[in-house]
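Chain and residue survey
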Amino acid sequence: MVGKNCFAIASDRRLGVQLQTIATDFKRIYKVHDRLFLGLSGLATDAQTLYQRLVFRHKLYQLREERDMKPETFANLVSAILYEKRFGPYFCQPVIAGLGDEDKPFICTMDSIGAKELAKDFVVAGTASESLYGACESMFKEGMEPEELFETVSQALLSSVDRDCLSGWGGHVYVV
Amino acid sequence: MVKPAKGTTTLAFIFKEGVMVAADSRASMGGYISSQSVKKIIEINPYMLGTMAGGAADCQFWHRNLGTKCRLHELANKRRISVTGASKLLANILYSYRGMGLSVGTMIAGWDETGPGLYYVDNEGGRLKGMRFSVGSGSPYAYGVLDNGYRYDMSVEEAAELARRAIYHATFRDGASGGVASVYHVGPNGWKKLSGDDVGELHYRYYPVMPSTVEQEMVEVTGA
């Protein structure tokens, strides 16, 4: 979710195999660099592999360009890597959030074959995504400061996740 | 073909002081939680309880129907119906609707002249007498706790705590179980509701949070 010169990215902590809960402290939000975060929902193994490939590509980029990747560029990279597997896709939906030039927040989400969805306010992904759309739509306000943004994101996450059997066990929230 | 399990956890067991019956309260439609406050323990009459697993409408209707038939039996025979008789009535009805898509996985628990009684009845027409049952998608987890802690000569408080723990552990692992863990006791004078605790609160009661410095730091996932 986007705030005033800041963004927040959040996820739940449950890892499950259909109805059975395997772990209650699973991390699905990864840091690419200090101003760029990636959340990966869906199949855990694909999320891990995709993250490892993206970090590899970003490190190469850092070596060649001697700077961090812009969020827009990173989103294009993710989209391309997902589309490479068009006929045998990664079963993940990424959520990308970063601060671009002049601290302008950038957020986007994608389906599992790389169709980008840019938004100015919020993006959601996962099994409770429909619930999340509703919760974010009603709780979102333009230009929230970091503290208020944190509260809003946490409440939206918790209320949606409480209506989903396959999500839960708390949340991780990052505000940048 | 493996049958898809009914999304719930219910359990009941006979012990020295009667029958302990417990259930969660979550209703799920696929992945969506439609309610966290469903009454899954149905009061057939003041000395008999039925548990609900499977289709809510099916269970509610047929339990109420069973209550009606039990009352008619009382009026016709001037004595209360036994748990054996009541469970047989229900099983025969469900057998006649076999293959028509009813979804009922219920336990009939009560106290009659022969003492405490517990029967498992399902939509396929199965009817089993037993001392311990658990029904639903969370039942494997509940059985693990229940079978481990069960003793015939427990007090009412110990049995209630065992039932509550078993439901809590099932709601922890099973995504289709949750909400409130209700515990009922059926004794010689009928049933009584003992407790209804939110399983989230039970989690922190059984596993209180120990203050720690940092739970987990962001670490780089090492590349292949």
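The name given to chain B in an unreviewed UniProt entry is Proteasome subunit beta, with the source organism recorded as Gossypium klotzschianum. What UniProt states about chain B under its Catalytic activity (unreviewed entry) heading is, verbatim, "Cleavage of peptide bonds with very broad specificity."

Chain A has the name Proteasome subunit beta in an unreviewed UniProt entry, where Gossypium klotzschianum is given as its organism. Chain A has a UniProt comment under Function (unreviewed entry) that states "Non-catalytic component of the proteasome, a multicatalytic proteinase complex which is characterized by its ability to cleave peptides with Arg, Phe, Tyr, Leu, and Glu adjacent to the leaving group at neutral or slightly basic pH. The proteasome has an ATP-dependent proteolytic activity." UniProt, in the comment section headed Subcellular location (unreviewed entry), describes chain A in these words: "Nucleus".

A word on the overall build of chain B. Along its length, chain B carries 5 helices and 12 strands. In summary, chain B has a C-alpha radius of gyration of 19 Å against a globular reference of 17 Å for 224 residues, a match within 12%. Seen along its three principal axes, the alpha-carbon backbone of chain B occupies a region of about 75 × 40 × 25 Å. Here chain B holds 224 residues, and 49% of them are scored as buried. In chain B, of all internal contacts separated by at least 6 residues, the share reaching a separation of at least 24 is 62%. Summing over all exposed atoms, chain B offers an accessible surface of approximately 11,300 Å²; the carbon and sulfur share of this is 54%.

In a soluble, globular protein the nonpolar side chains are often hidden away together inside. Within the largest apolar cluster, 24 residues are counted, with the highest numbers of intra-cluster contacts made by L38, L40, L50, L54, F74 and I96 of chain A. Setting aside its immediate chain neighbours within four residues, L38 of chain A contacts I9, R28, I29, Y30, V32, Y51, L54, F74, P94, V95 and I96 of chain A.

What follows concerns the interface of chain A and chain B. Contacts between the two partners involve 22 residues from chain A and, on the opposite side, 24 residues from chain B. Here chain A packs against chain B, burying approximately 1,800 Å² in sum over the two surfaces, 51% of which is carbon and sulfur. Between chain A and chain B we count 0 salt bridges in total. On the surface where chain A and chain B come into contact, there are 8 residue pairs in polar contact (both at pLDDT 80 or more). Among the secondary structure elements, those contributing two or more residues to the side of chain A that touches chain B are β3 (20–23), β4 (29–33) and α1 (44–65) of chain A. For the side of chain A that touches chain B, a count of residues per class yields 9 nonpolar, 4 polar and 9 charged.

Residue and element names in this part refer to chain A. Across the sheet, 5 strands lie side by side as β4-β5-β6-β7-β8; this open sheet has antiparallel pairing. This sheet does not close on itself; its edge strands, each paired only once, are β4 and β8 (116–119). Adjacent strand axes in the sheet meet at a mean angle of 20°, parallel and antiparallel pairs treated alike. Both β4 and strand β5 (residues 36–42) contribute to a ladder of 4 bridges, which runs antiparallel.

Note: strands within a sheet are paired through backbone hydrogen bonds, in either parallel or antiparallel orientation. Residues and elements named next belong to chain B. Strand order in the open sheet formed by 5 strands is β5-β6-β7-β8-β9, and the pairing between neighbours is antiparallel. The sheet is open, and its two edges are formed by β5 (41–45) and β9 (127–129), each paired on a single side. Shown here is a sheet whose adjacent strand axes are inclined to one another by a mean of 20°, direction ignored. Pairing analysis gives 3 bridges linking strand β8 (residues 115–122) to β9, with the strands arranged antiparallel.

Bringing the UniProt feature "active site" (unreviewed entry) in chain B into the picture now. Within this numbering scheme, the UniProt entry marks T8 of chain B as carrying the feature "active site" (unreviewed entry). As for its position among the elements, T8 of chain B is in the segment before β1 (10–15).

Residues and elements named next belong to chain B. Where strand β3 (residues 27–29) lies against strand β4 (residues 32–35), 3 bridges are found, and the strand directions are antiparallel. Residue pairing across strands places S28 opposite I33, the latter belonging to β4. Adjacent in sequence and paired antiparallel, β3 and β4 are bridged by 2 residues, among which G30 carries a positive phi angle near 70°.

What follows covers the side chain of S134 of chain B. All names here are of chain B. Structurally, the position occupied by S134 is in strand β10 (residues 132–135). Look at S134 and you get buried, because its relative accessible area is 7%. A distance of 3.0 Å separates the side chain of S134 from the backbone oxygen of T10, its partner in a polar contact.

Under the criterion given, the structure shown has 18 salt bridges over all chains. Notably, a salt bridge pairs R28 of chain A with D12 of chain A, separated by 2.6 Å at the nearest N-O pair. Placement of the pair is R28 of chain A in the loop between β3 and β4 and D12 of chain A in strand β1 (residues 8–12), with a sequence separation of 16 residues. Judged by relative accessible area, which is 12%, R28 of chain A ranks as buried. The exposure class assigned to D12 of chain A is buried, which follows from its relative accessible area of 11%. The shortest N-O distance in the salt bridge between R35 of chain A and D103 of chain A comes to 3.0 Å. With R35 of chain A in the loop between β4 and β5 and D103 of chain A in the loop between β6 (92–99) and β7 (105–110), this pair connects stretches of sequence that are 68 residues apart. A relative accessible area of 33% places D103 of chain A in the partly exposed class. Put simply, E161, R164, D197 and R205 of chain B are held in one network by salt bridges that share partners.

Reading the values: rules and limits
- Residues numbered from 1 in each chain as written.
- Chains lettered and ligands numbered in written order.
- Predicted model: local features only at pLDDT ≥ 70, side-chain atom pairs only at ≥ 80, totals over all residues.
- Heavy atoms only, no water.
- UniProt positions renumbered as here; feature names shortened; annotations may be inferred.
- Helix = DSSP H or I, 4+ residues; strand = E, 2+ residues; numbered from the N terminus.
- Rg over C-alpha atoms; globule rule 2.2 N^0.38 Å.
- Buried < 20%, exposed > 50% of the residue type's maximum accessible area, 1.4 Å probe, protein only.
- Contact = heavy atoms within 4.5 Å.
- Areas by Shrake-Rupley, 256 points an atom, 1.4 Å probe, with all protein chains shown as cover.
- Core = buried A, V, L, I, M, F, W, Y, C linked by side-chain atoms within 4.5 Å.
- Buried area = accessible area lost by both parts, 1.4 Å probe.
- Salt bridge = Lys/Arg side-chain N within 4 Å of Asp/Glu carboxyl O.
- Polar contact = N/O pair within 3.5 Å; in protein donor to acceptor, adjacent residues only side chain to side chain.
- Nonpolar A, V, L, I, M, F, W, Y, C, P; charged D, E, K, R; others polar.
- Pairing = 2+ DSSP bridges.
- Axes fitted to C-alpha atoms, helices over the stretch in contact; angles between N-to-C directions.

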